[in-house]
Amino acid sequence: MQSVCHCCDWIRHHYGHLSAEYLPLLDQMGGDITKQNAPVLFPTSLYRHIDDAEFEDKVIFLKETIYQITKLFDGNMKSATWDKKNLDDFLNILERQLENLNSCVSPAMKPERRLKRYFKKLNSKVLRKMNYSAQAWELIGKETKRNLQRLDILAAQMY
């Protein structure tokens, strides 16, 4: 586990750079942009709660959110209509972000349970219920973008 100071420096100098790489890739992946909302409410209150948390809790939240996003994209993606190269690039950059955040967090530190529940609901009520359809993946892409944009705001507030 890296020191808090090193994590501070990494988040300040590198988190935003990687985010600036993967957020545009979400748009460039293509597919139909859906106006439909996911049947799972965005965890606004959870983000408000974490805004007031300690630095370490925020790092755990960043790490866990990115981890949960990578888990979502580990499902049956045959129906997704996205550009394969952009999708692979997006997931590779997300994995780099996760590796760096993992090095900042002790395995003993537990993430917010409500965050895990939110992503579990996205998996069950969107992906599985909609049978991993192209429309389901478009909803997941939309929710992913909302979460990653909100994480950018959180990371910017950390320094």
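See the structure above.
Residues numbered from 1 in each chain as written. Predicted model: local features only at pLDDT ≥ 70, side-chain atom pairs only at ≥ 80, totals over all residues. Heavy atoms only, no water.

## A closer look at helix α3 (residues 55–72)
For step 1, the next point in the chain: Taking 1.5 Å per residue as the helical rise, α3 with its 18 residues ought to reach 26 Å, and the 26 Å between its terminal C-alpha atoms agrees with that figure.
For step 2, the next point in the chain: With 14 of 18 residues buried, α3 is to be regarded as a mostly interior element. (Helix = DSSP H or I, 4+ residues; strand = E, 2+ residues; numbered from the N terminus. Expected span 1.5 Å × (residues − 1). Buried < 20%, exposed > 50% of the residue type's maximum accessible area, 1.4 Å probe, protein only.)

## Concerning the pattern of salt bridges
For step 1, the next point in the chain: Within the structure shown, the criterion is met by 7 salt bridges.
For step 2, the next point in the chain: Measuring nitrogen to oxygen at the nearest pair gives 2.7 Å for the salt bridge that ties K145 to D27. With K145 in helix α6 (residues 134–157) and D27 in helix α1 (residues 4–28), this residue pair connects regions lying 118 residues apart in the sequence.
For step 3, the next point in the chain: Residue classification places K145 among the partly exposed positions, given a relative accessible area of 25%.
For step 4, the next point in the chain: Measuring nitrogen to oxygen at the nearest pair gives 2.6 Å for the salt bridge that ties D51 to R150. Of this pair, D51 sits in helix α2 (residues 44–51) while R150 sits in helix α6, and the two are 99 residues apart along the sequence. (Salt bridge = Lys/Arg side-chain N within 4 Å of Asp/Glu carboxyl O.)

## Observations concerning the packing of α3 against helix α4 (residues 84–102)
For step 1, the next point in the chain: Running from N to C, α3 and α4 cross one another at 145 degrees; their axes reach a closest spacing of 9 Å. Seen along the crossing, α3 lies across α4 with a hand that is left-handed. The segment α3 lies against α4, with V59, L62, K63, I66, Y67, I69 and T70 engaging L94, E95, Q97, L98, L101 and N102. (Axes fitted to C-alpha atoms, helices over the stretch in contact; angles between N-to-C directions. Left-handed = near helix turned anticlockwise from the far one by under 90°. Contact = heavy atoms within 4.5 Å.)

## Describing the packing of aromatic side chains
For step 1, the next point in the chain: This model, assessed by the stated rule, comprises 10 aromatic pairs.
For step 2, the next point in the chain: Measuring from ring centre to ring centre gives 4.9 Å for Y118 and F119, while their planes differ by 75 degrees; the resulting arrangement is edge-to-face. Of the two residues examined, Y118 and F119, each falls in the buried class.
For step 3, the next point in the chain: An aromatic cluster of at least three residues, connected via ring pairs, comprises Y22, F73, W82, F90, Y132 and W137. (Phe/Tyr/Trp six-rings, centres within 6.5 Å; stacked < 30°, edge-to-face > 60°.)

## Concerning the side chain of K63
For step 1, the next point in the chain: Mapped onto the elements of the fold, K63 is located in helix α3.
For step 2, the next point in the chain: Once you skip the residues sitting within four places of it in the chain, K63 turns out to touch L98, L101, N102 and V105.

## Topic: unusual backbone geometry
For step 1, the next point in the chain: For N131, which is not glycine, the phi torsion reads 55 degrees and is therefore positive.
For step 2, the next point in the chain: With respect to the helices and strands, the residue N131 is situated in the loop between α5 (113–128) and α6.
For step 3, the next point in the chain: Positive phi, normally seen in glycine, also occurs at Y132, with a value near 55 degrees.
For step 4, the next point in the chain: For Y132, the position within the fold is in the loop between α5 and α6.
For step 5, the next point in the chain: Residue classification places Y132 among the buried residues on the basis of a relative accessible area of 19%.

## Some remarks on the environment of L101
For step 1, the next point in the chain: Among the secondary structure elements, L101 is positioned in helix α4.
For step 2, the next point in the chain: For the pair L101 and D89, spaced 12 residues apart in sequence, the C-alpha separation works out to 18 Å.
For step 3, the next point in the chain: Setting aside anything within four residues of it in sequence, one finds L101 in contact with W10, I11, Y15, V59, L62, K63 and I66.

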